[in-house]
Every structure is written in structure tokens, then in C-alpha cells.
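Observations on the three-dimensional arrangement
Spelled out from the first residue to the last, the chains are:
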Amino acid sequence: MTEARLTLDLDALAANYATLKAEARDAELAPAVKADGYGLGAGLVARRLWDEGARAFYVARLSEGVALRKALGDREAKIHVLDGATPGSGPTLVQAGLIPVLNSLPQVEAWNSQAGKGVLEAAIHVDTGMNRLGLRHEEAAVLTASMDRLKHLDVSLVISHLACAGEPEHPLNARQLTRFTDAAALFPGARRSLANSAGVFLGGDYHFDQCRPGVALYGGGPRDVTDARIKAVATLEAPILQVRVVPRGESIGYGAAFTASETTRVAVLACGYADGVLRSSSPAGHVWFDGARRRLLGRVSMDLIAIDVTDCDAARPGALVELIGPNLPVDEAAAAAGTTAYELLVRLAGRARRVVLGEA
Ligand SMILES: *Cc1c(COP(=O)(O)O)cnc(C)c1O
């Protein structure tokens, strides 16, 4: 191997689905596959999750919904578009058979008119404390008091989104739960969905009819830290291009950001920020090589990264180094770079050559 390689383990994805399903018990799992399946490939992950039993999915953008419908072929999945019925999106939503998650009274109106004399399926987003998208409780109450506005809509689902589910003790969780229960009661015929990955682990009160996990399916811990129940799905590896000895007092890489305080054996990897390793991974970041963590030395550049292999005989050109994977969990790599697994995963959509393990 001569370049960085991103391995996607679909059996690990399936195992994470099974773990979340066991936790969610009777609730349906409707995976979030937005941002191209958190960078891993929306069609690829959705097809495998379909085989594992998933029948509903969430994307953010209209264009993601259209692409996912195509990728799923004749599988009759429910595809929910979180942006909702944005201006001008109606005909495309209908044509691709997508379900908008209606976020505001104007969106409800637009989708109701789009139905013409017929009926269109809709999900409704009620805001319970995040204050990004969704109807406020008063708006939902206005809506259900004048049923004319919903005359041509089959509201099959009411959703809301948790702001602090990764912090079980945060008081906003219980507040959002109460507000959601109250708002959903306005739509008695609709199924209910509140929990993301972290919400699944908040207990049965948060599960309702459907949970919407994303990051934990793809190997991120639901609480932004490594979780032994969740398996690594993405592994980023790169070969060593060159091994060199840097004398004491000399620096490595751009900006001379690292100076060797001792004679240091350095391996230079065929991997850089163009392959998904964040530039902010140095100086705190590590890689995994020959059974141990090795520190990054100097700046991550576009194509190259230097690591410390002092006292490591296995370092030679061609040897493979793990940058993210089972030995270097995505949450730890993300923390070293000052971000979360979410951002790290979506940034993996770079140059690295992709290899898929397990049945696609
Ligand atoms: C992204 C998203 C999810 C999935 O969240 P994770 O934290 O990745 O599990 C669920 N619901 C909504 C509305 C989202 O935007």
C-alpha cells in the first residue's frame, strides 16, 4: 500500500445497530444518514442498515433525500428530510417520495397546499428547547385548533431534538421530555420520536415510538467519549514513506513548530489533512503503531505527518500506521484535535482510498 486507506467495516455498523436496537427495545430505529452518512457514504450505510431492519431514515437536505432515494432503489424506505418543506422544494419532495419534517407554520401551509385535493404524509418538528428548528408549543396549539390547516396532511410522526442528551444529569433533558410529551399530545394519531444516539441511552422514557441514532452507529461514543459498547466503523491508516533521525536542536515541518530536545527517530506518513486528519490534531494527537501510541511531531500538513518512532524497530517504509480506528478511537482523536467524533467523521470524506469490509 502506498497511500492512506479508509476502511469502512459494515459488520461493525451492523453490530452498533444491534446494540442500539437492544437498548431501544420496542422503539423503531430510524438512522440519521445526513451529511453522506456522517462522511461514510449514505447509500452504502443505508443499504446495510436496511438489511439489518431499518425502514426509515433521516437526512438534512432535500438533495440528500433525492440521492438516498436513488441509492435505495426499490426499497420502500421512509426518508425524512429535516430541513422540511423549504420554499420551492414541494415538487421534488413529492417526486422523490420524501417526507418533510415540517418546522414552521409557513412550511405546514406550503406542504398542505402541495397536497392539492389529495393527502400528503408529513412529520412535524416541535421545538422543546433547542431553539433551532421546529414549532413552538403555542404554534403547534394554534395549528391543531384549526384543523383546516392540516386538512390535506397525514401527520404520521411528531419529533423533537435533545440539546444535552450526552449529559444525562443536565436539567434540560427532563424539561424537554415534559415539553415533548405535552406537544405530542396535540397530535394524538401520530407516532413520536425524540432520542438521538445519546437519547437512546437516557432510558425508556426517552424512546417513544422511534429513535434517530446517528453518530453511535458510525462508531462515535454517544456521550462524546469512547464507549466500549460501540465498535469502530471507520479505520484510517497510512504507510510510512520515510524514516529519519533528527538531531537534537533541529525542527520538523512547517513553521518549525516542533524542535527535537533529544535525537529523535521520526517516521513520515503518506497522510495529511487532505486525507481527513485535522490540522489541529497536532500537537496533542497520537497515532497507533507497533502496539503503542506514538506522538505527532510538528504540524500536520496536506500530504505528510511526522510521528515519533524513537526506540521502535518496526518503523520502516511501507509499514502501516493507524490514525483512527479500533486502537485509536474516533472520540479520542477528535478530542486531541479539539472537536467531536461528528466533525472528524464527516471530514474523512477526503482523498484516502476507500475499502469496504462486510456485506454491502
Ligand atoms: C443529526 C440528528 C440526529 C442524530 O444525532 P446523533 O447525535 O448523531 O445520534 C437525530 N435527530 C436530528 C433531528 C438530527 O439532526
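Residues numbered from 1 in each chain as written. Predicted model: local features only at pLDDT ≥ 70, side-chain atom pairs only at ≥ 80, totals over all residues. Heavy atoms only, no water.

- The chain has the name Alanine racemase in an unreviewed UniProt entry, where Caulobacter endophyticus is given as its organism.
- For the record of the chain, the UniProt heading Catalytic activity (unreviewed entry) holds the text "L-alanine = D-alanine".
- Under the UniProt heading Cofactor (unreviewed entry), the entry covering the chain gives this text: "pyridoxal 5'-phosphate". (UniProt positions renumbered as here; feature names shortened; annotations may be inferred.)

1. Some details on the overall build of the chain
- What the chain contains, in helices and strands, is 11 helices and 18 strands.
- If you line up the chain on its principal axes, its C-alpha atoms span 80 × 45 × 35 Å.
- The buried share among the 360 residues of the chain stands at 52%.
- Long-range contacts, defined here as pairs at least 24 residues apart, represent 66% of the contacts in the chain between residues at least 6 apart.
- Only carbon and sulfur atoms are counted for the fraction: they give 49% of the accessible area of the chain, which is about 15,800 Å².
- Counting 38 positive and 41 negative side-chain charges, the chain places the averaged centre of each group 2 Å from the other. (Helix = DSSP H or I, 4+ residues; strand = E, 2+ residues; numbered from the N terminus. Buried < 20%, exposed > 50% of the residue type's maximum accessible area, 1.4 Å probe, protein only. Contact = heavy atoms within 4.5 Å. Areas by Shrake-Rupley, 256 points an atom, 1.4 Å probe, with all protein chains shown as cover. Lys, Arg positive; Asp, Glu negative; His and termini not counted. Charge placed at Lys NZ, Arg CZ, Asp CG, Glu CD.)

2. Let's talk about the site of the ligand
- Every residue lining the ligand is accounted for by A32, K34, Y38, L82, H161, N196, S197, R212, P213, G214, V215 and Y342.
- Here Y38 contributes a side-chain N or O atom positioned 2.6 Å from an oxygen atom of the ligand.
- Between the ligand and Y342, the relevant distance is 2.5 Å, taken from an oxygen atom to a side-chain nitrogen or oxygen of the residue.
- For the ligand, whose accessible area on its own is 380 Å², the fraction buried by protein is 93%.
- Here the ligand occupies the largest pocket.
- Across the shell around the ligand, the residue classes break down as 6 nonpolar, 4 polar and 2 charged. (Near = heavy atom within 4 Å. Polar contact = N/O pair within 3.5 Å; in protein donor to acceptor, adjacent residues only side chain to side chain. 1 Å grid on protein atoms, 1.4 Å probe; cavity = no way out; pocket = protein on both sides within 12 Å on 5 of 7 lines; lining within 4 Å. Sits in = over half its atoms within 2 Å of the grid points. Nonpolar A, V, L, I, M, F, W, Y, C, P; charged D, E, K, R; others polar.)

3. Side note on the layout of surface pockets
- By volume, the largest pocket amounts to about 540 Å³.
- As for the largest pocket, its lining consists of 27 residues, and the residues nearest its centre are K34, L82, M130, R132 and H161.
- Empty space within the second largest pocket amounts to approximately 220 Å³.
- Along its surface, the second largest pocket is lined by 15 residues, and I252, G253, V268, L304 and A306 are the ones closest to its centre.
- Mapped by element, the contributors of at least two residues to the lining of the second largest pocket are strand 10 (234–246), strand 11 (251–252), strand 13 (264–269) and strand 16 (305–308).
- Of the residues in the lining of the second largest pocket, the class split is 9 nonpolar, 3 polar and 3 charged. (Points joined across faces, edges and corners; volume = space filled by probe spheres on them.)

4. Here we look at the UniProt feature "binding site: substrate" (unreviewed entry) in the chain
- Mapped onto this structure's residue numbering, the UniProt feature "binding site: substrate" (unreviewed entry) falls at R132 and M302. In summary, the annotated positions, distributed over 171 residues, remain apart in three dimensions as well, the widest C-alpha pair reaching 34.7 Å. Restricting the annotated residues just mentioned to those that line the largest pocket leaves R132.
- Mapping R132 onto the fold places it in the loop between strand 6 (120–125) and helix 7 (137–145).
- Exposure remark for R132: the relative accessible area of 61% places this residue in the exposed category.
- Those residues within four positions of R132 in sequence are excluded, and the remaining contacts are D127 and H161.
- Turning to its location among the elements, M302 is positioned in the loop between strand 15 (292–297) and strand 16.
- By relative accessible area, M302 is classed as partly exposed at 43%.
- Here M302 is in contact with G272, Y273, A274, D275 and R351, once residues within four sequence places are set aside.

5. Regarding the UniProt feature "domain: Alanine racemase C-terminal" (unreviewed entry) in the chain
- UniProt records the feature "domain: Alanine racemase C-terminal" (unreviewed entry) for residues 233–357 in the present numbering.
- End C-alpha atoms of residues 233–357 are separated by 10 Å, and the span's content is 10% helix alongside 38% strand.

6. A word on the domain arrangement of the chain
- Domain boundaries in the chain define domain 1 (10–218) and domain 2 (234–357).
- A straight line from the C-alpha centre of domain 1 to that of domain 2 covers 38 Å.
- Contacts between the two partners involve 10 residues from domain 1, matched on the other side by 9 residues from domain 2.
- Contact between domain 1 and domain 2 buries roughly 810 Å² in total, counting both sides, with carbon and sulfur atoms accounting for 64%.
- For the interface between domain 1 and domain 2, the tally reads 0 salt bridges.
- Taken together, domain 1 and domain 2 are joined by 3 residue pairs in polar contact (both at pLDDT 80 or more).
- Per-class residue counts for the side of domain 1 that touches domain 2 are 7 nonpolar, 2 polar and 1 charged. (Domains from an automatic or database assignment. Buried area = accessible area lost by both parts, 1.4 Å probe. Salt bridge = Lys/Arg side-chain N within 4 Å of Asp/Glu carboxyl O.)

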